[in-house]
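The primary structure of each chain is shown beneath.
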Amino acid sequence: MKPAPFAYVAPRSLPEALALMARHGDEGKALAGGQSLLPVLNFRLSQPAVLVDLNGVRELELLAPGDGVLHDGLRMGLRMGALTRHRQLERDPIVAKHAPLLAEAAHHIAHPQIRNRGTVGGSLAHADPKAELPALAVTLRARLKLQRQGSERWLDAGEFYTGLFSTALEADELLTEIVWPATPLGAGWAFEEAARRHGDYAQVGVAAVVGVDDGGRCSAARLVFLAVGECPTVAAAADALVGEVPDETAIAAAAEAAAREIEPRSDVHASADFKRHLASVLGKRALRRAFARAGGEHG
Amino acid sequence: MADPLTREPATTVTVTTRVNGAEQTHTVEARLLLSDFLRHELGLTGTHVGCEHGVCGACTVLLDGVPVRSCLLLAAQVEGHEVTTVEALAPGPENLHPLQQAFWDSHALQCGFCTPGILLTLVAFLKENPRPSEDEVRFALSGNLCRCTGYQHIVDAVLLAAQRAATQAGGEVAPR
């Protein structure tokens, strides 16, 4: 298995990369970590004429706490260049401090060899329904900066995903930066995933972020599944927790309702029924751990 | 009209890289994988090619000291970087790397196809975590497939290598 022939170019700056995308975007592909694109090329599932290798574009390496308020009032937590590697999510204390859900989920993203190379921007743009990062971006309401030569726009992660391996990204655009809103003070979070071998693609995964008010009642709950549909799947059933005391009964009811709501498909590894079962079990675990963390010292 | 500051895409590239300490400059097809560059251009056939889509780990090498899949990198991408393959671990058969010696002593390989990738994965792992628990070793091995050993003797070998290194360093060796 070898890639079909292509022309390769490695820009050294963002303006040069955007100029190359403007010229070659229709027939070409942007190459970031390559941990999804190279398998696709090796299998010849895709045969782009031009590869624009972004690894030398220093402007895409940003990783810093954010400062400011986003358009819907959420506080900025972490600014992240598209070339941030999965390994940094796992290890950089800035990520653990400002986006702890990402740090917790990172070790589920493939294996160490892949995490050393794979990038956040690449994973988000590849839009694999079984990948962790798109679901995490939807859970945390990440803002994505899409740039083309001469212009830029920002999209919420929820608007970015349009279908199976499909996003709002146009052929001449690059996803250049991701802004992760801060985890609100007192919020709890958790990530759970089941895979046949640790690091393999998830059979089902789920992220939870919850809030608890001073009276001990749930003030917000968000539960997002991966690998159960074409895009990250937000479970509406989590809304029923708001106003409730998040005890075992309420958590179980919400997770079981969420598992009934999703529509996973059977594959060679797991039937749809089994995936629903996993969704219910993992949903309970995630909610339990998230509520246990809520109201703590972090923020 | 092309902007003079913008490079032109090309189907062949000239790559200068340092492999096992020696600088190499080769002109190759842009689509050449790093794994094939090492094997076919440089004759370093210790790097094995298994699945060619990043699942098996047989082709693991070190890029600037950290383990990566050489089948998921283009040779063009290692321009200016440093690559380490299994050939660099031992100066000769009589003088194995401590981890290789532990593999030998623990019978940690049968057919040996996965071994180079596993060695490089674990050399980097032991550098970061010189006294790992069995669970940590198994976790570190999760990205490398072995179809012969059932992993038990590989885990034994890593723990043996760690124990020997600790003994040599004069540290107290607590059983784990």
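Just so it is clear, the structure is predicted and the values come from calculations on it, not from any experiment.

Draft legend 1. The overall build of chain B, seen in detail. A count of helices and strands for chain B gives five helices and five strands. Sequence-ordered secondary structure for chain B, helices as α and strands as β, is β-β-α-β-β-β-α-α-α-α. Based on the C-alpha atoms only, the size of chain B along its principal axes is roughly 70 × 35 × 30 Å. Taking all 176 residues of chain B together, the buried fraction comes to 43%. The long-range fraction of contacts in chain B, counting pairs at least 24 apart against all pairs at least 6 apart in sequence, stands at 58%.

Draft legend 2. Highlighting the overall build of chain A. A tally of regular secondary structure across chain A gives 11 helices and 14 strands. Over its C-alpha atoms chain A spans a radius of gyration of 19 Å, differing by no more than 12% from the 19 Å that the globule rule assigns to 299 residues. Principal-axis analysis of the C-alpha atoms places the extent of chain A at approximately 60 × 45 × 30 Å. Within the span of chain A, comprising 299 residues, buried residues form 56% of the whole. At a minimum sequence separation of 6, the contacts of chain A that also span at least 24 residues come to 63%.

Draft legend 3. Main features of the domain arrangement of chain B. Residues and elements named next belong to chain B. Under the domain assignment used here, chain B contains domain 1 (12–88) and domain 2 (98–168). Summarising the inter-unit geometry, the C-alpha centres of domain 1 and domain 2 are found 22 Å apart. Between domain 1 and domain 2, the residue contacts involve 13 residues of the former and 11 residues of the latter. Elements supplying a minimum of two residues to the side of domain 1 that touches domain 2: β3 (60–63) and β4 (66–69). Ranked by residues supplied to the side of domain 1 that touches domain 2, first place goes to β3 with three residues. For the side of domain 1 that touches domain 2, the class distribution of residues is eight nonpolar, five polar and no charged.

Draft legend 4. Quick look at the pairing of strand β11 (residues 188–194) of chain A. Residues and elements named next belong to chain A. Counting buried positions along β11 gives six out of seven residues, so the element sits mostly inside the fold. Inspection of the sheet shows β11 paired to strand β12 (residues 204–212) by seven bridges, in the antiparallel sense. The partner of E193 across the bridge, within β12, is G205.

Draft legend 5. Region of the structure containing the domain arrangement of chain A. Residue and element names in this part refer to chain A. Split by domain assignment, chain A resolves into domain 1 (7–56), domain 2 (58–181) and domain 3 (188–293). Tallying the contact residues gives 20 residues for domain 2 and 19 residues for domain 3. Elements with a minimum of two residues in the side of domain 2 that touches domain 3: α5 (100–105), α8 (132–140) and β8 (161–163). Here the element with the most residues in the side of domain 2 that touches domain 3 is α8; it accounts for seven residues. Of the residues contributing to the side of domain 2 that touches domain 3, the split by class is 13 nonpolar, four polar and three charged.

Draft legend 6. Highlighting the interface of chain B and chain A. At the junction of the two partners, chain B supplies 32 residues and chain A supplies 31 residues. When contributions to the side of chain B that touches chain A are tallied by element, the ones reaching two or more residues are β4 and α4 (134–140) of chain B. Among the elements that make up the side of chain B that touches chain A, the one with the highest residue count is β4(B) (four residues). For the side of chain B that touches chain A, a count of residues per class yields 15 nonpolar, 10 polar and seven charged.

Draft legend 7. Up close: helix α2 (residues 98–106) of chain B. All names here are of chain B. Every buried residue of α2 is listed here: L99, Q100, A102 and F103. Axial view of α2: buried residues confined to an arc of 160°, hence all on one face. Lining the buried residues of α2 we find α3 (115–128) and α5 (152–168).

Draft legend 8. Here's a closer look at the pairing of strand β2 (residues 22–29) of chain B. Residue and element names in this part refer to chain B. Among the eight residues of β2, zero are classified as buried, and the element is accordingly described as predominantly exposed. Here strand β1 (residues 12–19) runs beside β2; their pairing, made up of eight bridges, is antiparallel. From the neighbouring strand, T14 faces β2, where its bridge partner is T27. The hairpin formed by β1 and β2 contains two residues between the paired strands, and N20 there has a positive phi angle of roughly 50°.

Draft legend 9. α3(B), seen in detail. The terminal C-alpha atoms of α3(B) lie 20 Å apart, and with 14 residues this matches the ideal 20 Å at 1.5 Å per residue to within 8%. Taking burial as the measure, the 14 residues of α3(B) include 11 buried ones, the bulk of the element. Taken together, the buried positions of α3(B) are occupied by T115(B), P116(B), G117(B), I118(B), L119(B), L120(B), T121(B), L122(B), V123(B), A124(B) and F125(B). Buried residues along α3(B) sit against α6 (112–115) of chain A together with β3, β4, α2, α4 and α5 of chain B.

Draft legend 10. Examining the sheet that holds strand β3 (residues 50–53) of chain A more closely. Residue and element names in this part refer to chain A. With respect to topology, three strands assemble into an open sheet ordered β1-β3-β2, the strand pairing being parallel. Taken across any chain shown, the strands that pair with only one partner, and hence form the sheet edges, are β1 (7–9) and β2 (28–31). Within the sheet, the average angular offset between the axes of one strand and its neighbour, ignoring direction, is 20°. Two strands pair when backbone bridges link them, and β1 and β3 are joined in this way by three bridges, in the parallel orientation. Residue Y8 lies in a different strand from β3, and its bridge partner there is L51. Set on the sheet, helix α1 (residues 14–24) makes contact with β1, β2 and β3; between it and β3 the angle comes to about 165°.

Draft legend 11. The arrangement of the sheet that holds strand β10 (residues 174–181) of chain A in detail. Residues and elements named next belong to chain A. Spatially, the five strands line up as an open sheet ordered β4-β5-β10-β6-β7, and their pairing is antiparallel. Of all the strands in the sheet, the pair left with one neighbour each is β4 (63–65) and β7 (151–156). Across the sheet, the axes of successive neighbouring strands diverge by a mean angle of 20°, strand direction being ignored. Inspection of the sheet shows strand β5 (residues 76–81) paired to β10 by five bridges, in the antiparallel sense. Bridging from a neighbouring strand, L78 pairs with W180 of β10.

Draft legend 12. Spatial organisation of unusual backbone geometry. Here the phi dihedral of A127(A) falls at roughly 60°; this positive angle occurs in a residue that is not glycine. Turning to its location among the elements, A127(A) is positioned in the loop between α7 (120–126) and α8. In this structure A127(A) comes out as buried when scored by C-beta crowding, with 23 C-beta atoms within 10 Å. Even without being a glycine, D64(B) presents a positive backbone phi close to 50°. Along the chain, D64(B) turns up in the loop between β3 and β4. With 13 C-beta atoms packed within 10 Å, D64(B) lands in the partly exposed category.

What counts and how
Residues numbered from 1 in each chain as written. Chains lettered and ligands numbered in written order. Predicted model: local features only at pLDDT ≥ 70, side-chain atom pairs only at ≥ 80, totals over all residues. Helix = DSSP H or I, 4+ residues; strand = E, 2+ residues; numbered from the N terminus. Buried ≥ 20, exposed ≤ 12 C-beta atoms within 10 Å, placed from the backbone. Contact = placed C-beta atoms within 7 Å. Rg over C-alpha atoms; globule rule 2.2 N^0.38 Å. Domains from an automatic or database assignment. Nonpolar A, V, L, I, M, F, W, Y, C, P; charged D, E, K, R; others polar. Pairing = 2+ DSSP bridges. Arc of directions from axis to C-beta. Expected span 1.5 Å × (residues − 1). Axes fitted to C-alpha atoms, helices over the stretch in contact; angles between N-to-C directions.

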